[in-house]
Amino acid sequence: MTLRQLKYFLEIAQLRSFTRASEVLHVAQPALSRQIRALEEEFDLPLFNRVDRGVTLTEAGERLRDRVKVMLSSFDRLRDDVIASANEPHGGLTVGLAPSLREMVNVPLIDEYTRVYPGVRLDVHEGISLDLERLVQLGRIDCACVIDLDASRSLVTERVLREQLFLIGPVSAGLRVDLPVTLADVAELDLILTTRPNSLRLIVEHALARTRKPYRVVADFNTTGFMVELVKQGMAFSVLPYCAAWAAYRKHEIAVAPIRELTIDWVMISHRDRPLSLAAAKLSELVRDIAKRRIENGNWVSAQLIPPA
């Protein structure tokens, strides 16, 4: 079994075609077929099912694909770190970012990172915190910025900042950013919340349960941007991090009020068995730096940096 064979196998598995893989890899199809046949002989198992319009993976092929992805990613990080200079990371970096951070952090982060470190090829995945945590555990992304919710022991967690959750309402609601509301106040309102098992939804539900008051969720959504748009229209209220509502609030499209004693922590996570590459470490530093700037210039209301451990 060689590294070349595994790379060929993964390309075919992703494209589901020997012909297309041959074109992408610039390898003659007979030579490609010989390499895969040798790999199958070594395992003494078929890895592909040949079908009319290409190939599909056998059960053994699926198991190998999942492991090869992690292994090749580790090889890439090793190569990148060896050739990188002390301050100039190179190679690929796959990062996960939560949609709630899009305007406050994600957009300036990607813009600045690609300018400062042009030698890094960024692959950005935006998704809910629990999904991003699972992808880090599986080795499919290198690191992620997520809401902390008792992360797995297999993950390394670096706390970045703590922010208060806010009640988000239409302008007509008269909410004030300097006038906190209680959880009991929130329970009285029709609510739009993130879809289970989103980390934010679990935190909000647990907090509302402490009021021992019934509350009504009129709709669930998996995108905070959609939720803010519906709040603007007066459909209902929502509970979100300030960063998720900041863009609409500064345009005076919604009203917001902090909720007493309800906070979340934003953290950077990575896998304990796969140390951060230089590229990932630089990105983590930039996340903290952007958050610090946002707080200092007054954009990130009710947020506080958490000193590095």
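Above this text sits the structure in question.
Residues numbered from 1 in each chain as written. Predicted model: local features only at pLDDT ≥ 70, side-chain atom pairs only at ≥ 80, totals over all residues. Heavy atoms only, no water.

Describe unusual backbone geometry, naming the residues involved and giving the relevant values.
Geometrically, the link from Arg-196 to Pro-197 is a cis peptide bond, its omega value of 5 degrees lying close to zero. Within the element layout of this structure, Pro-197 appears in the loop between strand E7 (190-194) and helix H8 (199-209). Although it is not a glycine, Arg-212 adopts a positive phi angle of roughly 55 degrees. By secondary structure assignment, the location of Arg-212 is in the loop between H8 and strand E8 (216-221). (Helix = DSSP H or I, 4+ residues; strand = E, 2+ residues; numbered from the N terminus.)

Go over a nonpolar patch on the surface, please, and point to the residues and values.
On the surface, Met-1, Phe-43 and Leu-45 cluster together into a nonpolar patch covering about 270 Å² of accessible area. Along the chain, Leu-45 falls in the loop between helix H3 (29-43) and strand E1 (48-51). (Patch = residues over 30% accessible without salt bridge, like charges linked within 9 Å, V, L, I, M, F, W, Y side chains within 5 Å. Areas by Shrake-Rupley, 256 points an atom, 1.4 Å probe, with all protein chains shown as cover. Salt bridge = Lys/Arg side-chain N within 4 Å of Asp/Glu carboxyl O.)

Can you explain the environment of Arg-162? Please cite residues and give values.
For Arg-162, the position within the fold is in strand E6 (residues 155-170). The class for Arg-162 is partly exposed, based on a relative accessible area of 39%. Separated by 73 residues in the primary sequence, Arg-162 and Met-235 have C-alpha atoms spaced 29 Å apart. Setting aside its immediate chain neighbours within four residues, Arg-162 contacts Thr-263, Ile-264, Asp-265, Ser-302, Ala-303, Gln-304 and Ile-306. Among the polar contacts listed, one links the side chain of Arg-162 to the side chain of Asp-265, at a separation of 2.6 Å. (Buried < 20%, exposed > 50% of the residue type's maximum accessible area, 1.4 Å probe, protein only. Contact = heavy atoms within 4.5 Å. Polar contact = N/O pair within 3.5 Å; in protein donor to acceptor, adjacent residues only side chain to side chain.)

So what's going on with H8? Residues and values would help.
With respect to burial, H8 is a largely interior element, eight of its eleven residues being buried. Within H8, the full set of buried residues consists of Ser-199, Leu-200, Arg-201, Ile-203, Val-204, Glu-205, Ala-207 and Leu-208. Its side-chain oxygen at 2.7 Å from the backbone nitrogen of Leu-200, Asn-198 defines the N-terminal cap of H8.

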